[in-house]
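Fold and geometry: a report
Each chain, written out:
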Number of protein chains: 2
Amino acid sequence: MSELNVPVASFSPLYEQIKAMILASLQASEWLPGAAIPSEMELAARYAVSQGTVRKAIDELAAQNLLVRRQGKGTFVATHQEDDWQYRFLRLAPDSGAKFHLTNQFLVCANTKASPYIANLLKLKAGDAVIHIDRVQSFAGKPIVFEEIWLPGARFKGLDLEALNVWHGPVYAFYESQFATHMVRAEEKIKAVAADEVLAGHLHLPVGAPLLSVERVAFTYGNKPVEIRHARYDTSEQHYENKLN
Amino acid sequence: MSELNVPVASFSPLYEQIKAMILASLQASEWLPGAAIPSEMELAARYAVSQGTVRKAIDELAAQNLLVRRQGKGTFVATHQEDDWQYRFLRLAPDSGAKFHLTNQFLVCANTKASPYIANLLKLKAGDAVIHIDRVQSFAGKPIVFEEIWLPGARFKGLDLEALNVWHGPVYAFYESQFATHMVRAEEKIKAVAADEVLAGHLHLPVGAPLLSVERVAFTYGNKPVEIRHARYDTSEQHYENKLN
DNA sequence: CAGTGGTCTAGACCACACT
DNA sequence: GTGTGGTCTAGACCACTGC
């Protein structure tokens, strides 16, 4: 007797389905960054499962930094506007161990068309509208970071140099409050490069000086890429920190 | 009426205590890398708690990559000798996306005394015995990585160039099988530097070429630092990859 | 005080690997 | 089939927050 089992879609536990539903609500902005989501009991009722199952789903989303649990208060949607999250993605630190405070100077904010390279990374078509930003960041008066940023024009319509200069704080908090776009994760590719004349000028270094080149793609909910950055760090007095587990 | 609460030692859940006991067993080599630990039921009996509590302890240790769960088989002590863990800490990847296979050439393996800098990182005293290794790694025949390694002499007594050259495979698997030392995590500090004459010679590059400098401290159980590495990568055709969450 | 998340238990049943 | 980890439930109680 043949055991012709239908190749069923692989088993998916309940809590994974709950995770997916919570994710869908986040993506649909049903609950906004910084706001509390319903209590575990309420969600258990809503999805008709036990509290323990909701708990496991929330646990995993919290481990991915999408939610933040606060005992006695509730569970909240992660936000870049909290003090301790302001520099969640910044891996640069001074060699001295001193406290790091970077000052921002935005140089350019232009509406242009996506190059094939940028379009590919942002999952747009070459020629689609993109916004291109240049900035320099300084520490203790010394320029340390030169950064180029590309954003999809549709999502960030209306962004201009004025708005950037008025804002004080991390760019990701700005995106969140002005463009309803929360960054969930990012990927970086790092190389060592020599400063060309432009970079040397911005960072007050000789041409040929070694710089850390950091290319980042940042993603919102649903693995959607919505920001490209290409930074160059002067690492003579600071370094990029990474933990391997 | 005064509320003079004694400042009690802060609350510590049962599963944290179980975690600590399992960790102690790992550190004491009661269970060796690659071996199965007792089943959840057995551990629950041993510690006189419910299976659920053991489960939560193991879950967290597995999340830290100290243990590996395999459904239907058991829970195992993590090891660098498994195929998919061979390059767990390697973040370098070819720009082309090609498969990466590095060949090793060990140049030096000398018994020396710790400089103050190395002693500090390894938590030794300056002048204590350390082993110093130099190697070059190549990809497709091209030298890409020059790496210096420092190890505490006591733990790695007897390590020599012969042993390194006989070994085929990742260094961390070598440490594990020959010196009963399993690496649990590492921290890296990354900079861009210019090649000096020595580096330029090893990597077949002009003096002054930009290189990625990666300083790593690797830790065994109990947060004990047991290896220092200082690598220089030629990143002209490869890059360092990092994920931010 | 009530409401939230956090811990712990006991038990049932499922999925998977090996023999 | 037996034993392992994986899922799900229901319920009790603890710890923390804020009214």
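Residues numbered from 1 in each chain as written. Chains lettered and ligands numbered in written order. Predicted model: local features only at pLDDT ≥ 70, side-chain atom pairs only at ≥ 80, totals over all residues. Heavy atoms only, no water.

1. Describing the overall build of chain A
- Within chain A, the regular secondary structure consists of 7 helices and 11 strands.
- With respect to the three principal axes, the spread of C-alpha positions in chain A is 75 × 50 × 40 Å.
- When the 245 residues of chain A are sorted by exposure, 47% land in the buried category.
- In the structure as shown, chain A presents an accessible area of about 12,600 Å², 54% of it carried by carbon and sulfur atoms.
- For chain A, the separation between the mean place of its 25 positive charges and that of its 27 negative charges on side chains is 4 Å. (Helix = DSSP H or I, 4+ residues; strand = E, 2+ residues; numbered from the N terminus. Buried < 20%, exposed > 50% of the residue type's maximum accessible area, 1.4 Å probe, protein only. Areas by Shrake-Rupley, 256 points an atom, 1.4 Å probe, with all protein chains shown as cover. Lys, Arg positive; Asp, Glu negative; His and termini not counted. Charge placed at Lys NZ, Arg CZ, Asp CG, Glu CD.)

2. Looking at the packing of aromatic side chains
- Counting across every chain of the model gives 16 aromatic pairs over all chains.
- Seen from their ring centres, A:F89 and A:Y172 are 5.8 Å apart, and the 80° between their planes marks the pair as edge-to-face. Taken together, the residues A:F89 in the loop between β3 (74–77) and β4 (92–94) and A:Y172 in helix α6 (residues 171–179) connect sequence positions 83 residues apart.
- Judged by centre distance (5.6 Å) and plane angle (40°), the rings of B:Y172 and B:Y175 are tilted. Residue B:Y172 and its partner B:Y175 are located together in helix α6 (residues 171–179), separated by 3 residues, close to a single helical turn.
- According to the relative accessible area criterion, B:Y172 is buried, its value standing at 7%.
- One aromatic cluster is present, formed by A:F89, A:F156, A:W167, A:Y172, A:F174, A:Y175 and A:F179 through successive ring pairs. (Phe/Tyr/Trp six-rings, centres within 6.5 Å; stacked < 30°, edge-to-face > 60°.)

3. Comments concerning the interface of chain A and chain B
- Contacts between the two partners involve 31 residues from chain A and, on the opposite side, 31 residues from chain B.
- Across the contact surface, chain A and chain B share 4 salt bridges.
- Here B:K243 and A:E187 are joined by a salt bridge, their closest N and O atoms 4.0 Å apart.
- For the side of chain A that touches chain B, the elements supplying multiple residues, two or more each, are β8 (185–194), β9 (210–220) and β11 (238–244) of chain A.
- When residues of the side of chain A that touches chain B are assigned to their parent elements, the largest contribution, 10 residues, is made by β8(A). (Contact = heavy atoms within 4.5 Å. Salt bridge = Lys/Arg side-chain N within 4 Å of Asp/Glu carboxyl O.)

4. Some words on the nonpolar core
- Among the nonpolar cores identified, the biggest contains 66 residues, and A:L159 and B:L159 are the most heavily contacted of them.
- Non-local contacts of A:L159, meaning those with residues more than four positions away in its chain, are made with A:C109, A:I131, A:I133, A:L151, A:L164, A:F174 and A:F179. (Core = buried A, V, L, I, M, F, W, Y, C linked by side-chain atoms within 4.5 Å.)

5. Topic: the UniProt feature "domain: HTH gntR-type" (unreviewed entry) in chain A
- The sites that UniProt annotates as "domain: HTH gntR-type" (unreviewed entry) are residues 12–80 of chain A.
- Overall, residues 12–80 of chain A shows 51% helix and 14% strand. The separation of its end C-alpha atoms is 32 Å. (UniProt positions renumbered as here; feature names shortened; annotations may be inferred.)

6. Some remarks on the relation of the copies chain A and chain B
- Note on the identical chains: chain A maps onto chain B by a rotation of 180° and an axial translation of 0.0 Å, with an RMSD of 0.0 Å. Overall, the copies show the geometry of a two-fold rotation axis.
- The fraction of interface residues of chain A whose copies in chain B are also interface residues reaches 100%, indicating that both copies meet through the same surface. (Least-squares fit on C-alpha atoms with pLDDT ≥ 70 in both.)

7. Examining the side chain of A:T53
- Structurally, the position occupied by A:T53 is in helix α3 (residues 51–63).
- When near neighbours in sequence (up to four residues on either side) are disregarded, A:T53 contacts A:L14, A:Y15 and A:I18.

8. What to know about the sheet that holds strand β6 (residues 129–139) of chain A
- As summarised here, the arrangement of the 8 strands in space is β5(A)-β6(A)-β7(A)-β10(A)-β9(A)-β8(A)-β10(B)-β3(B), forming an open sheet in which the pairing is antiparallel. The open sheet has two edge strands, β5 (102–113) of chain A together with β3 (92–94) of chain B, and neither has a second partner. Across the sheet, the mean angle separating the axes of adjacent strands is 25° when strand polarity is ignored.
- In this structure, strand β7 (residues 142–152) of chain A lies alongside strand β10 (residues 224–233) of chain A, joined through 6 bridges in antiparallel fashion. (Pairing = 2+ DSSP bridges. Axes fitted to C-alpha atoms, helices over the stretch in contact; angles between N-to-C directions.)

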